[in-house]
Amino acid sequence: MRPDEHSQTYLAEALGLPAGIIDAPWPDWLPQSDTGVTPLGPHATVTALKEALRTVDRRSFLAVSSTALTALTADWAAASSTRASAQPSEGEDLVEVLEATTRQLTAADPAHHPHTTRLLREHLATVTDLLDNGRHTTATRHRLHTLAASIAHTLAWRRFDSGDNAHAAQYWIAALHNSHAAGDIDRGAGLISDLAYQAAWRGDHALAEQLLTHALTRAAHPAARSLLHLRLARTHAARHEPRPALRALAAAEKHLGQARGDRPAWCDWLSDADLAVDSGQTLLDLGDTARAHQLITTGEHLLPATRDKTRGIFLAYQAANYLDQKEPELAAAAATQSLLLARRTHAPRCTRLIEDLLPRFQPHQHTPGVQKLLHLAAA
């Protein structure tokens, strides 16, 4: 029996949920879990996708439980995956259209993100409906799970970059469920490492270490393992654990050296530039400043122009490090360049990094470059 609109409103109030949550047909708006995490299971893929596609602002009433997230990744680490045949099926023209347009939307210029993000959400909703209601061959279902994981992965990063951590986590979780259903172990490991990156970004390095440890139990491709070890090194360094941090750095360098050109699409961007900068950031946290700055500078020079958003993040980190070393002029130069790149590439996460640094520049207003930075930030 479907409750009428007024009854659903009362039910939302009784559950302590905001009225705006009733944004989908009954019963899709009901939270699937009080932990914010859909457990791994044979029928969880569509549930996780619907949870991610809900548009209500969850920040005010439901946070993702660290304990439940750790349990989900532990289940993933212990699970077995059967990779279904990925050969195309005849007559699935809609799936082919969705795959092709998703590639185009994902590759579009960042200036168009507000529009392409909306279209990607609609694509993901269509894929979710096909998985929920359609009758497909095993091969076609595999393609749909793969596509769902890819779109949700992209949307997770876009929500994270815009500061919406709750929705980002839900998209990453949905992508993890669907990559698991598709038998894509390396992408699953990468998705867990993205959740770990988010945890580290928010200062929860203990959670980040737990998630990365689970991801490393199954990741196989050298590029995937390199990225995981690199993020693990940063986490150990943030926790002031030099020996495991240096071991993880050595492993990251070794695996990147073994990686060939046939990398998984989700980590084909990983390069010597990323290794150099993240190694430098790790060494900075461990107190080895001379070697750290050498690596960071080298990494920035190696980055291609197509990676300007990443360059902006690197420069923001560098500005913070210069401030720590009482070098406000160098810090202002790095922060100014970072802010200009952030605005040009529409990267609000990078912009916030610089905005958070601005109070630390106030005592240095007469230092060359600082006034220029402050005026730019206020513009």
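The rules behind each value
Residues numbered from 1 in each chain as written. Predicted model: local features only at pLDDT ≥ 70, side-chain atom pairs only at ≥ 80, totals over all residues. Heavy atoms only, no water. Helix = DSSP H or I, 4+ residues; strand = E, 2+ residues; numbered from the N terminus. Contact = heavy atoms within 4.5 Å. Areas by Shrake-Rupley, 256 points an atom, 1.4 Å probe, with all protein chains shown as cover. Salt bridge = Lys/Arg side-chain N within 4 Å of Asp/Glu carboxyl O. Buried < 20%, exposed > 50% of the residue type's maximum accessible area, 1.4 Å probe, protein only. Core = buried A, V, L, I, M, F, W, Y, C linked by side-chain atoms within 4.5 Å. Phe/Tyr/Trp six-rings, centres within 6.5 Å; stacked < 30°, edge-to-face > 60°. Expected span 1.5 Å × (residues − 1). Arc of directions from axis to C-beta. pLDDT = per-residue confidence, 0-100.

Draft legend 1. Spotlight on the overall build of the protein chain. Helices and strands together make up the secondary structure of the protein chain, namely 17 helices and 0 strands. For the protein chain, the proportion of contacts with a sequence separation of at least 24, taken over those separated by at least 6, is 67%. Carbon and sulfur atoms provide 53% of the accessible area of the protein chain, an area that totals close to 17800 Å².

Draft legend 2. Region of the structure containing the pattern of salt bridges. Tallying each qualifying case throughout the model produces 14 salt bridges. R143 serves as the salt-bridge partner of E99, at 2.9 Å between the closest nitrogen and oxygen. Residue E99 is located in helix α4 (residues 93–107), and its partner R143 is located in helix α6 (residues 138–161); the two are separated by 44 residues in the primary sequence. Under the relative-accessibility criterion, E99 is labelled buried at 19%.

Draft legend 3. Focus on the nonpolar core. L69, L124, V127 and Y171 are the most contacted members of the largest nonpolar core, which totals 69 residues. Once residues within four sequence positions are removed from consideration, Y171 is found in contact with A52, L53, R121, L124, A152, L155, A156 and R159. Counting residues in each nonpolar core, the second largest holds 26 residues, with Y322, A335, L358 and L376 among its members.

Draft legend 4. Representation of unusual backbone geometry in the model. Here the phi dihedral of H240 falls at roughly 60 degrees; this positive angle occurs in a residue that is not glycine. Here H346, not a glycine, exhibits a phi torsion of approximately 55 degrees, which is positive. Inspection of the secondary structure puts H346 in the loop between α15 (328–344) and α16 (348–361).

Draft legend 5. Up close: the packing of aromatic side chains. Summed over the entire model, instances satisfying the criterion amount to 7 aromatic pairs. Judged by centre distance (5.5 Å) and plane angle (75 degrees), the ring pair of W157 and F160 falls under edge-to-face. Of this pair, W157 and F160 both sit in helix α6, 3 residues apart, which is roughly one turn of that helix. Using a relative accessible area of 21% as the deciding quantity, one classes W157 as partly exposed. Aromatic pair F160 and W201: ring centres 5.8 Å apart, planes at 75 degrees, arrangement edge-to-face. Note that F160 is positioned in helix α6 and W201 in helix α8 (residues 185–201), a separation of 41 residues in sequence. A residue is classified by how much of its surface remains accessible, and W201, at 30% relative accessible area, is partly exposed.

Draft legend 6. Molecular detail of the environment of L119. Tracing the backbone through its elements, the reader meets L119 in helix α5 (residues 113–133). Measuring from C-alpha to C-alpha, the distance between L119 and L105 comes to 7.8 Å, with 14 residues separating the pair along the chain.

Draft legend 7. Region of interest: the environment of H346. For H346, a relative accessible area of 46% puts it in the partly exposed group. With 236 residues separating them in the primary sequence, H346 and P110 have C-alpha atoms 6.3 Å apart. Look past the residues within four positions of H346 in its chain and what remains in contact with it is P110 and A111.

Draft legend 8. Geometry of α8. Taking 1.5 Å of rise per residue, the 17 residues of α8 would be expected to cover 24 Å, and the 24 Å separating its terminal C-alpha atoms lies within 8% of that figure. Buried residues dominate α8, accounting for 13 of its 17 residues. One or two positions beyond α8, positive phi appears at G203, with a value near 90 degrees.

Draft legend 9. Structural context of the side chain of S338. Here S338 is to be found in helix α15. Using a relative accessible area of 0% as the deciding quantity, one classes S338 as buried. Beyond its immediate stretch of four places on either side in the chain, S338 contacts G312, L315, A316, C350 and I354.

Draft legend 10. Representation of the environment of A78 in the model. For A78, the location among the structural elements is in helix α3 (residues 66–78). For the pair formed by A78 and R218, sequence separation is 140 residues and the distance between their alpha carbons is 9.0 Å.

Draft legend 11. Layout of α4. Over its 15 residues, α4 extends 22 Å from the first C-alpha to the last, a length consistent with the 21 Å expected when each residue adds 1.5 Å. Three or more residues of α4 are buried, namely V95, L98, E99, T102 and L105. All buried residues of α4 lie within an arc of 135 degrees about the axis, which places them on one face of the element. For α4, the exposed residues set more than 90 degrees away from the buried face come down to D93, R103, Q104 and A107. Next to the buried residues of α4 lie α5 and α6.

Draft legend 12. Representation of the confidence of the model for the protein chain. The predicted model of the protein chain averages 87 in pLDDT, with 85% of residues at 70 or higher. For the protein chain, per-element mean pLDDT is lowest for helix α1 (residues 5–14), which scores 58, and highest for helix α11 (residues 242–258), which scores 97. When the criterion is pLDDT under 50, residues 84–91 qualifies, and its contacts beyond four places in sequence or with other chains add up to 12 contacts.

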